[in-house]
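Next come the chains, spelled out residue by residue.
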Amino acid sequence: MSEIEDCLRRFQAAVDVIQSLPKNGSYRPSYEVMLRFYGLYKQAICGPCTASRPGFWDPVGRYKWDAWNQFGDMSRESAMAAYVDEIKKVAQEVIDTMQINEKTA
Ligand code: ST9
């Protein structure tokens, strides 16, 4: 398997995990975390953001646009790799938090 195919396979697996999580559960991702995944996902799927920034009356659209646009000309492969790194990081944070909560429970 080539390096790019491997990158694509890992990215697809990470995307599938996030899309199959229940909307509500014990873990509540922050807006910052959600926007980071969103921006990297768009960069990986669509490439650099070329749309114009939504206007004042669409604040959610502006947050989403900013989250995507911040990655500039990052390549799609780099965005896929960063998305996979991010899910590992967040999963580790969840594990660490659970350990702390169990100890203090
Ligand atoms: C819980 C169980 O408590 C235990 C948790 C264990 C912890 C595991 C740790 C792993 C990390 C988790 C990180 C979560 C981060 C969430 C990020 C959400 C963005 N990635 O097709 P549409 C875009 S679980 C990024 O209509 P769906 C898509 O481009 C409790 N973005 O929607 C579109 O935007 P636009 C917590 C994606 O299929 C927009 O989303 N549960 C992805 O109805 C809508 O797309 C959760 O956090 C993607 N993979 O929903 C649930 N796919 O229109 C997380 C699509 O601008 N999952 N988009 O292009 C979800 O919220 C949804 O499945 C969804 C897709 C939003 C990702």
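Above: the structure in question.
Residues numbered from 1 in each chain as written. Predicted model: local features only at pLDDT ≥ 70, side-chain atom pairs only at ≥ 80, totals over all residues. Heavy atoms only, no water.

### Some details on the site of the ligand
Near the ligand you find 19 residues, and of these Pro 22, Tyr 27, Tyr 38, Lys 42 and Tyr 83 are the closest. One of the backbone N or O atoms of Pro 22 is found 2.7 Å from a nitrogen atom in the ligand. In this structure, an oxygen atom belonging to the ligand sits 3.0 Å away from a main-chain N or O atom of Ser 26. Because more than half of its atoms lie within 2 Å of the grid, the ligand is assigned to the largest pocket. Where the shell around the ligand is concerned, the elements lending two or more residues are α1 (3-20), α2 (31-46) and α4 (76-104). When residues of the shell around the ligand are assigned to their parent elements, the largest contribution, 5 residues, is made by α2. (Near = heavy atom within 4 Å. Polar contact = N/O pair within 3.5 Å; in protein donor to acceptor, adjacent residues only side chain to side chain. 1 Å grid on protein atoms, 1.4 Å probe; cavity = no way out; pocket = protein on both sides within 12 Å on 5 of 7 lines; lining within 4 Å. Sits in = over half its atoms within 2 Å of the grid points. Helix = DSSP H or I, 4+ residues; strand = E, 2+ residues; numbered from the N terminus.)

### Some points on the layout of surface pockets
As a volume, the largest pocket reaches approximately 810 Å³. Elements with a minimum of two residues in the lining of the largest pocket: α1, α2 and α4. Per-element tally for the lining of the largest pocket: the top contributor is α2, with 7 residues. Looking at the lining of the largest pocket, its residues break down into 19 nonpolar, 4 polar and 1 charged. (Points joined across faces, edges and corners; volume = space filled by probe spheres on them. Nonpolar A, V, L, I, M, F, W, Y, C, P; charged D, E, K, R; others polar.)

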